[in-house]
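Chains, contacts and geometry: an overview
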Amino acid sequence: MELLVATHNLHKKEEIQQILGTEYLVTSLTDYDINDEIVEDGKTFQENALIKAKYCFEKTGKPSLGDDSGLVVEALDGRPGIFSARYAGNHDFKKNIAKVLEELKDEPNRKAYFVSMLCYKDENGEHFFEGRVYGNITEKTFGEEGFGYDPIFTPEDQNQTFAEMHAEDKNKISHRKLALDQFIQFLNVENKL
Ligand code: ITT
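Residues numbered from 1 in each chain as written. Predicted model: local features only at pLDDT ≥ 70, side-chain atom pairs only at ≥ 80, totals over all residues. Heavy atoms only, no water.

**Here's the deal with the overall build of the protein chain**
As a reminder, the rule being used: The helix and strand labels rest on DSSP assignments: H or I over at least four residues marks a helix, E over at least two residues marks a strand, and numbering proceeds from the N terminus. Note on method: radius of gyration uses C-alpha positions; expected globular size equals 2.2 Å times residues raised to 0.38. Whether two residues are in contact is decided by their heavy atoms, any of which lying within 4.5 Å being enough.
When you go through the protein chain residue by residue, the secondary structure sums to 5 helices and 6 strands. Mapped in sequence order, the helices and strands of the protein chain form the string β-α-β-α-β-α-β-β-β-α-α. Against the globule reference of 16 Å for 193 residues, the protein chain gives a C-alpha radius of gyration of 16 Å, in line with a compact fold. For the protein chain, the spread of C-alpha atoms along the principal axes amounts to about 50 × 30 × 25 Å. Considering only intrachain contacts with a sequence separation of at least 6, the fraction spanning at least 24 residues in the protein chain is 54%.

**Remarks on the state of the cysteines**
In plain terms, the rule: When two cysteine sulfur atoms lie within 2.5 Å, the pair is treated as a disulfide.
Counted under the stated rule, the structure contains 0 disulfides. Counting only cysteine sulfurs, Cys 56 is the nearest neighbor of Cys 119, a cysteine outside any disulfide, at a range of 11 Å.

**So, the site of the ligand**
Here is the rule: Only a single heavy atom is needed: when it lies within 4 Å of a molecule or strand, its residue is near that molecule or strand. Whenever two N or O atoms come within 3.5 Å, that pair is a polar contact, provided that in protein one can donate a hydrogen and the other can accept it, and provided that, for residues adjacent in sequence, both atoms are side-chain atoms. Residue exposure ignores everything except the shown protein chains as possible cover, and the areas themselves are Shrake-Rupley values with a 1.4 Å probe.
In the vicinity of the ligand lie 23 residues, with Thr 7, Lys 12, His 91, Asp 150 and Lys 170 positioned nearest. A distance of 2.8 Å separates an oxygen atom of the ligand from a polar atom in the side chain of Lys 52. The separation between a nitrogen atom of the ligand and a polar side-chain atom of Asp 150 is 2.6 Å. Look at the ligand: alone it shows 610 Å² of surface, and the protein chains cover 97% of it. Per-element accounting of the shell around the ligand gives the leading share, 4 residues, to strand β3 (residues 64-73).

**Quick notes on the side chain of Thr 27**
For Thr 27, the location among the structural elements is in strand β2 (residues 25-28). Here Glu 2 takes part through its side chain, which lies 2.8 Å from a polar atom of the side chain of Thr 27.

**A word on the pairing of β3**
Within a regular beta strand, the side chains point alternately toward one face of the sheet and then the other, so they alternate between its two faces. As a reminder of what qualifies: Throughout this description, buried means an accessible area under 20% of the type-specific maximum (1.4 Å probe, protein chains only), exposed means over 50%, and partly exposed covers the range between. A pair of strands is considered paired only if DSSP assigns at least 2 bridges between the two.
Along β3, 10 of the 10 residues are buried, which leaves the element largely enclosed by surrounding structure. With burial as the criterion, each face of β3 is covered, one bearing Ser 64, Gly 66, Asp 68, Gly 70 and Val 72 and the other bearing Leu 65, Asp 67, Ser 69, Leu 71 and Val 73. Bridge analysis of strand β1 (residues 2-5) against β3 gives 2 bridges, and the strand direction is parallel. Paired with Leu 4 across the bridge in β3 is Ser 64. Relative to strand β4 (residues 111-122), β3 runs antiparallel, the two sharing 10 bridges. Looking across to β4, one finds that Val 72 is bridged to Tyr 113.

Listed below in structure tokens is the structure:
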């Protein structure tokens, strides 16, 4: 089954493909030569996931998946949250990380979670699936793998940041994996009906 993911973020697309496995062909907006930036003006992850999925479905008519995700830091009142991609600079991961570390300087509470909110849209309507992974923000960056805030996030019960893990290991426990597991379950039930 083809699944069109409403993203221009190749890291996300690759993670989704790896998690879903070869039963699914994951495509993205870039594969359809749709290069417009989707205006994500929702106030929540859910609203933005819906905006992405709807945009994609309306443009292509293909079953579409929007993933709106981000890092929620307790001591920062939930920031960067829905502004994760553009917290200090548009998709400038280094600047975004530097801003979070600076804001958490001398802050003992390092608790945070990653969230992935998925919206699946096809001709029958919309469905949402949410995954969260809880952990802590490190004092400095560790590792080169992954993307975004991976170098400063250590999941609970792990001694490495996401960026120190191999992709397969991150993809076994990540917020995206937890959300996609629910999505797959949903598709399996739908397909049996
Ligand atoms: P699309 O909107 O095109 O899908 P995006 O990167 O802008 O790509 P979001 O609007 O959902 O996606 O922003 C998510 C941001 O949150 C992302 O750019 C990262 O900074 C961060 N993020 C999300 N998931 C992450 C992960 O698994 N590891 C590290 N950072 C992540």
